[in-house]
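Reading the structure
One-letter residues, chain by chain:
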Amino acid sequence: MKKLKVLLVDDEIMIREGFKKLFDWNAHDCEVIGEAADGMEALTQIDTLHPDIVIMDINIPIMSGLKVIQMSRIKHPQTAFVIVSGYDDFSYCQQALRLQITDYILKPVNYEEFGTCIDNLKISLYEKKVSSQEESTEQEERVITGITRYLQEHLEEDLSLSVLSEQFHLNPQYISQLFKNEIGVGFLAYLTNIRMEKAKKLLLSTSYSVAEIAGQVGYGDYRVFTKAFKKAEGITPSQYRREFLNNNSRKG
């Protein structure tokens, strides 16, 4: 898989240097190709460098990060934006979500959690690529597309490399390498991501219990599911549902 191009946008040079030096971009198949210290410079860099990912602060000079994202969406709809901000304010989160950002991370940055964010972002970019392009003529891309579709359709089942090996008549090690080559993350990281995404949708759109949702996304034990969900999202499934309901009631 080719490396994803990253643009860093923050008016504090120490923050930008921290991202460059303290996070192992190479281990996540990414490279930092540019920096910007204000909104206008960010727009110029996005137009010039065409980054796959923009790491963006909200509070930057000349033009806010949210305004930069809003304007960039017109010309660069495929660019992924991750906000890194010191603002722990739900109103900012709401505005960012309306702009379809990939994630909202608070300063100071936990680089381990940031790594998970980048891996999830790569999965999201891969899914968009698959849904927006015609069936590839390349054999390996057809195989990985079939495998990821199978996983999406059988999330409630016991899924493993061995199961996929039997289903697709391929060596487990070959399948494992396909995930790294074509998506940029390992099989387990991908599987956990799509299970958590389905779980979040069910938590917000149904009245199923946590145990029922756990079963629908492939966890036989709801306690294991709760632990995995909290590790991925920072809060338990019940807290995730409760925060959503509380925010909606405040709107009403």
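Residues numbered from 1 in each chain as written. Predicted model: local features only at pLDDT ≥ 70, side-chain atom pairs only at ≥ 80, totals over all residues. Heavy atoms only, no water.

1. What about the environment of Lys180?
By the element assignment, Lys180 lies in helix H8 (residues 172-183). Judged by its relative accessible area of 37%, Lys180 is partly exposed. (Helix = DSSP H or I, 4+ residues; strand = E, 2+ residues; numbered from the N terminus. Buried < 20%, exposed > 50% of the residue type's maximum accessible area, 1.4 Å probe, protein only.)

2. With respect to helix H9 (residues 187-205)
Its 19 residues give H9 an end-to-end C-alpha distance of 27 Å, which sits within 8% of 27 Å, the value for a rise of 1.5 Å per residue. Of the positions making up H9, those classed as buried are Phe187, Tyr190, Leu191, Asn193, Ile194, Arg195, Met196, Ala199, Lys200, Leu202 and Leu203. (Expected span 1.5 Å × (residues − 1).)

3. With respect to the side chain of Asp57
Mapped onto the elements, Asp57 comes out in the loop between strand E3 (53-56) and helix H3 (65-75). With a relative accessible area of 5%, Asp57 lands in the buried category. Within the structure, Asp57 has its side chain in polar contact with the side chain of Lys107 (distance 3.3 Å). Setting aside its immediate chain neighbours within four residues, Asp57 contacts Val9, Asp10, Asp11, Gly65, Val84, Ser85 and Lys107. (Polar contact = N/O pair within 3.5 Å; in protein donor to acceptor, adjacent residues only side chain to side chain. Contact = heavy atoms within 4.5 Å.)

4. Brief notes about the sheet that holds strand E2 (residues 30-36)
Where strands meet in a sheet, backbone hydrogen bonds hold them as pairs that are either parallel or antiparallel. Overall, parallel pairing links the five strands, which are arranged E2-E1-E3-E4-E5 in an open sheet. Two strands bound the open sheet, and with one partner strand each, they are E2 and strand E5 (103-106). Along the sheet, successive strands turn relative to each other by an average axial angle of 20 degrees, direction set aside. Inspection of the sheet shows E3 paired to strand E4 (residues 80-85) by four bridges, in the parallel sense. When the bridges of E4 are listed, Val54 appears paired with Phe81. Of the strands in this sheet, E3 and E4 touch H3, which is tilted by about 175 degrees from E4. (Pairing = 2+ DSSP bridges. Axes fitted to C-alpha atoms, helices over the stretch in contact; angles between N-to-C directions.)

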